[in-house]
Amino acid sequence: MQQPTQDSESFWRQQGQCLQWIKPYTRVKNTRFTTPVHIAWYEDGTLNASVNCIDRHLPQHADRIAYILENDDGTRIEHITYQQLHDHVCRMANVLKQLGVGKGDRVVIYLPMIPAAVYAMLACARIGAVHSVVFAGFSAESLGGRIQDCGARLVITADAAWRAGRMLDIKAAVDTAVADVSSVEAVLVVDNGGADRITPTPRDQFYTRLSQQASSHCAPTEMQAEDPLFILYTSGSTGKPKGILHTTGGYMVYAASSFQTVFDYQPADIYWCTADVGWITGHTYGVYGVLANAATAVLFEGVPTYPDASRCWQMIDRHQVTIFYTAPTAIRALMREGDIHLVSSTRQSLRLLGSVGEPINTDAWQWYHDKVGLGQCPIVDTWWQTETGGILISPPPVQGKQKPGAAAKPLFDLQPVLLHTDGTVIEGAGTGNLCLADSWPGQARTIYGDHARFEETYFKAFPGYYFSGDGARRDADGDYWITGRVDDVLNVAGHRLGTAEIETVLDSVAHVVECAVVGVPHAIKGQGIYVFVTLLAGVEATETIRESLIQTVRTRIGAIATPDAIQFCVGLPKTRSGKIMRRILRKIAAGELDSLGDISTLADPSVVDAIIAGRVVV
Ligand code: WT7
């Protein structure tokens, strides 16, 4: 393993100055990738993240716009200045305090993309509470599991979420989720136009009422650099979702500097990241990295296809957006709707486009570049993960020859390494497991409550390295091309889902003996979910069972995990030791029937023909 260079340390010492510290750090880096894994940055410094996002900009930029808001149906467009952001955040922080929330307490945020979601995150940061935002598309059960895992005292939600003109009762999901969670003392309900439609409970506290008496001043809590800032749950290849923990100092340094570097952010820019705050992209490049640079960003409650597929392009004109950052799945969905939706906008304001979340195929890249960006904007195809806190690999944001689909070059002094499965290092051009040889400030510190799982998941396969779970190719120019997950994690429409998680849910359905979930290429979503199921002997595969499989996944995980194909099988391909051969199932689902590989080691090779015969085309 390569040792950190003295230069790396002095680089990050210098870079740390992009923040305002209460007590300056003297120690920059204290990290170790072998057991016991330990990651700490700037550990003797103290700071407050909300001050870095707001207060320190006020002397110069109180009237600068922090967020341009647009609601679901476009009937409300609002500008929030940094001063107004400060006042909102402080009021909410005071309400949290009034509800008994203090330093170190966990607060779960289950909100749509409305400004209150940002206020809630920053209000937690202000008083040293640890937020855990749960994407409002997750089911009550998924939400409940996360609330329980982090032991939240408070859940913040809204009386409604709006999606394409329809109201979703997310408050009802919260009520179900907290029903038997003893740690939750209160549910704070923000007004989003659904007050008359919800069912109040004794736990509810209504923000509109409480905030009326709340002061717009709230002294920030001094935090150690290594105090937790947030927990964000993400799926892995095994078990329940992992609470990825990020701390204050290093995360903020990395968010601030990577935002500036990747997007070459300039003060006149209007930036729009379409990611929901429920994902890491929304955290780092929708809130913390953006505000730490005193930038101006668009915050959009709705969906790109409502009222029609020209919505985003018109919003770009309306708000004179210069930098637009979205996911390949959105690009593909809009591309499919046709170029006709581009004619009602000019998009002349754009200067840079970004892509994130999954590999971008050449067609989508070309359409994004030629049509959306009028051939004038470079595309930054940014590779990173919930665990990395910020972008690690991305092309430079400059005009010139670009490689469609390449994430290209590591940022800063990062050291990506490609390893063969036997652990040997690949030099020069080649394909292998994508690892990092050394730490960076934005790296996750642990899995909340389970450091052993953290070590096991990321540091065991390749001792001395952080293993991302992705495969990548490096070409002769040293550019990286992400090939996708090498583990049992799916990437469905940019959402990360564990196959094991979906299988556990399906196994609980009546009559199911066993099942195997694999990813299958999908034209819009990148990957779709393909389910192979075997039923109890004598039970007929009916439409009712199919429906109940689908419904169970939707209610227990969320609509994002809805299977795209369900195939009933007589048996699954297994090794003689009983292990399901997912490799074969992936090939069959994808229709790659000529390359099934060696099936002679199967306990019963005849099941393969039966499965091929019953294949469902996605
Ligand atoms: C996984 C992480 C981090 C942003 C949102 C997703 C895949 C991410 C790219 C990219 C190819 C990408 C990887 C990674 N991924 N960005 N530019 N090209 N693949 O965060 O939910 O933690 O998922 O998304 O497979 O491991 P996440």
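Residues numbered from 1 in each chain as written. Predicted model: local features only at pLDDT ≥ 70, side-chain atom pairs only at ≥ 80, totals over all residues. Heavy atoms only, no water.

**Q** Quick one: what's the story with unusual backbone geometry, residue by residue and with numbers?
**A** Cis geometry marks the peptide bond from T35 to P36; its omega dihedral reads -10 degrees. Checked against the element boundaries, P36 lands in the loop between strand 1 (29–32) and strand 2 (38–41). Of note, the bond from Y306 into P307 is cis; its omega dihedral lies within 30 degrees of zero at -5 degrees. Locating P307 in the fold gives a position in the loop between strand 17 (296–300) and helix 11 (311–319). Here the phi dihedral of A294 falls at roughly 55 degrees; this positive angle occurs in a residue that is not glycine. (Helix = DSSP H or I, 4+ residues; strand = E, 2+ residues; numbered from the N terminus.)

**Q** Help me get a handle on the sheet that holds strand 5 (residues 77–81), residues and values and all.
**A** The sheet built from seven strands is open, its strands ordered 5-4-17-16-18-19-20 with mixed pairing. The two strands at the open ends of the sheet, each matched to only one other strand, are strand 5 and strand 20 (379–382). Put simply, the sheet's adjacent strands are angled 20 degrees from each other on average, direction ignored. As judged from the five bridges shared by strand 4 (residues 65–70) and strand 5, these two strands associate in the antiparallel manner. (Pairing = 2+ DSSP bridges. Axes fitted to C-alpha atoms, helices over the stretch in contact; angles between N-to-C directions.)

**Q** Before we move on, can you summarise the site of the ligand with the specific residues and values?
**A** Neighbouring the ligand are 17 residues, the closest being D381, T382, T386, D470 and R496. The separation between a nitrogen atom of the ligand and a polar main-chain atom of E358 is 3.4 Å. Considered on its own, the ligand offers 560 Å² of accessible surface; in the complex 95% of this is hidden by protein. Contributing elements (two or more residues each) for the shell around the ligand: helix 10 (280–292), strand 20 and strand 26 (480–485). Among the residues making up the shell around the ligand, the classes are represented as six nonpolar, six polar and five charged. (Near = heavy atom within 4 Å. Polar contact = N/O pair within 3.5 Å; in protein donor to acceptor, adjacent residues only side chain to side chain. Areas by Shrake-Rupley, 256 points an atom, 1.4 Å probe, with all protein chains shown as cover. Nonpolar A, V, L, I, M, F, W, Y, C, P; charged D, E, K, R; others polar.)

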